[in-house]
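Descriptive analysis of the structure
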Amino acid sequence: MSAVVIANWKMHGSGSALSAFANQWQALSDQPLPNVDVVLCPPGVYAQRAQQLLPQLALGAQDCAPEAEGAYTGDISAPMLADLGCSWVIVGHSERRQGHGETDALVAQKARAAANAGLTAVVCVGESLEQRQGGSQEQVVSAQLQGSLQGLAAGEFVVAYEPIWAIGTGHTATPEQANSMHEHIRQTLVQLLGSRGSDIALLYGGSVKPDNAGELFACPNIDGALVGGASLMADSFYAIAKAASESGRT
Ligand code: PGA
């Protein structure tokens, strides 16, 4: 399976920042990066412009509604994202689970809506610092997977493991911690989906940077990354995508 590297811009950026990113990206990437899917998830209002400026990157969204259409003020549905040219959508990011009260059941509905619209859902899971310190991280993540993947089939999603204590903090999980959790996630996926659970890309997220990307991608169970802060600058995101491209996945 190819590696997958996803830029999650969260609520950052502007039209001019996007243009500067695109100019810098063009200057860096005179050759396509083999064996890696590179995805940009800007704030939705910049998606169309991102697609025009960076047609060589796949386009993704940071969230979608669980319904396809209706009286849901402020929401954007998965078919609308597909119509716009998105092929990926992040669901269940911890900032939405915590800040917007999203449950596993809601995340599963959103992921189902994404798959129905032909998008690949990036289903996020991850434990808090308290849960890790209490030693329950594997149970927490298994329960999130069971709840958030209800009704999904292999081929419709990838998983992003993002320990909450590593997001935006500069405290990356060590490659050993990340790889060991990814191994646990792999086993859980095989229990839930049978052998096809082995083919699902498992991304790590949480303070991924150019200087730690190579050692993370060298881990056998880490197939890519969901990148926040370091994806806002084209040079650092490009370096991470290049490290994934060179990680030996095909
Ligand atoms: P970070 O964010 O890379 O800034 O830690 C990752 C994420 O929240 O997706």
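Refer to the preceding data block for the structure.
Now for a look at the structure at hand.

Procedures and definitions
- Residues numbered from 1 in each chain as written.
- Predicted model: local features only at pLDDT ≥ 70, side-chain atom pairs only at ≥ 80, totals over all residues.
- Heavy atoms only, no water.
- Near = heavy atom within 4 Å.
- Polar contact = N/O pair within 3.5 Å; in protein donor to acceptor, adjacent residues only side chain to side chain.
- Areas by Shrake-Rupley, 256 points an atom, 1.4 Å probe, with all protein chains shown as cover.
- Helix = DSSP H or I, 4+ residues; strand = E, 2+ residues; numbered from the N terminus.
- Contact = heavy atoms within 4.5 Å.
- Phe/Tyr/Trp six-rings, centres within 6.5 Å; stacked < 30°, edge-to-face > 60°.
- Buried < 20%, exposed > 50% of the residue type's maximum accessible area, 1.4 Å probe, protein only.
- Pairing = 2+ DSSP bridges.
- Axes fitted to C-alpha atoms, helices over the stretch in contact; angles between N-to-C directions.
- Parallel < 35°, antiparallel > 145°, perpendicular 65-115°, else oblique.
- Nonpolar A, V, L, I, M, F, W, Y, C, P; charged D, E, K, R; others polar.
- Disulfide = S-S within 2.5 Å.
- Expected span 1.5 Å × (residues − 1).

Below, the discussion takes up the site of the ligand. Near the ligand, the surroundings consist of 13 residues, among which Lys-10, His-93, Glu-162, Gly-168 and Ser-207 are the closest. Gly-168 is positioned with one of its backbone polar atoms (N or O) 2.6 Å from an oxygen atom of the ligand. For the ligand, whose free accessible area comes to 280 Å², the fraction covered by protein is 95%.

A few words on the side chain of Glu-127. Within the secondary structure, Glu-127 is located in the loop between strand 5 (120-125) and helix 6 (129-133). Polar side-chain contacts of Glu-127 include one of 2.9 Å to the side chain of Trp-165. Setting aside anything within four residues of it in sequence, one finds Glu-127 in contact with Arg-132, Gln-137, Val-140, Val-141, Tyr-161, Pro-163, Ile-164, Trp-165 and Met-181.

Let us look at the packing of aromatic side chains. On inspection of all chains with the given rule, the structure shows five aromatic pairs. Ring centres of Trp-9 and Phe-21 lie 5.1 Å apart, and the angle between their planes is 75°; this geometry places the pair in the edge-to-face category. Of this pair, Trp-9 sits in the loop between strand 1 (3-8) and helix 1 (15-28) while Phe-21 sits in helix 1, placing them 12 residues apart in sequence. Where Phe-21 meets Trp-25, the ring centres are 5.9 Å apart and the plane angle is 15°; that geometry is what we call stacked. Of the two residues, Phe-21 and Trp-25 both sit in helix 1, four residues apart, roughly one turn of that helix. Trp-25 sits in the buried class, given a relative accessible area of 2%. Cluster of aromatic residues (ring-pair linked, three or more members): Trp-9, Phe-21, Trp-25, Phe-237 and Tyr-238.

Most of strand 1 sits out of view: six of its six residues are buried. Both faces of strand 1 are covered, namely the face carrying Ala-3, Val-5 and Ala-7 and the face carrying Val-4, Ile-6 and Asn-8. Sheet analysis places strand 1 next to strand 8 (residues 224-227), joined by four bridges and oriented parallel. Bridge assignment links Ile-6 to a residue of strand 8, and that residue is Leu-226.

An order of 1-2-3-4-5-6-7-8 is seen for the eight strands of this closed barrel, with the pairing classed as parallel. Taken pair by pair, the neighbouring strands of this sheet meet at an average axis angle of 25°, ignoring direction.

For the rest of this paragraph, the subject is the packing of helix 5 (residues 104-116) against helix 7 (residues 137-148). Packed helix pairs are specified by the crossing angle of their axes together with the interaxial distance, meaning the distance between the axes. Two elements in contact, helix 5 and helix 7, have axes whose closest approach is 7 Å; the angle formed by their N-to-C orientations is 45°. Judged on the interaxial angle alone, helix 7 and helix 5 are oblique. In contact with Asp-104, Ala-105, Val-107, Ala-108 and Ala-111 of helix 5, helix 7 contributes Ala-143, Gln-144, Gly-147 and Ser-148. In the contact of helix 5 with helix 7, the residues fall into five nonpolar, three polar and one charged.

Our focus in this paragraph is the state of the cysteines. Under the criterion given, the structure shown has zero disulfides. Summary of cysteine pairing: Cys-64 is not part of a disulfide, and the nearest cysteine sulfur, belonging to Cys-86, is at 10 Å. You can call Cys-64 buried: its relative accessible area is 1%. With no disulfide partner, Cys-219 has as its closest neighbouring cysteine sulfur the one in Cys-124, 19 Å distant. With a relative accessible area of 9%, Cys-219 lands in the buried category.

A rise of 1.5 Å per residue sets the reference length of helix 5, with its 13 residues, at 18 Å; its end C-alpha atoms lie 18 Å apart and thus fit the reference within 8%. Looking only at helix 5, the buried set comprises Val-107, Ala-108, Lys-110, Ala-111, Ala-113, Ala-114 and Ala-115. Turning to helix 5, the residues buried within the fold contact helix 3 (78-84), strand 4 (88-91), helix 4 (94-99), strand 5 and helix 7. At the C-terminal side of helix 5, Gly-118 shows a positive phi close to 85°.

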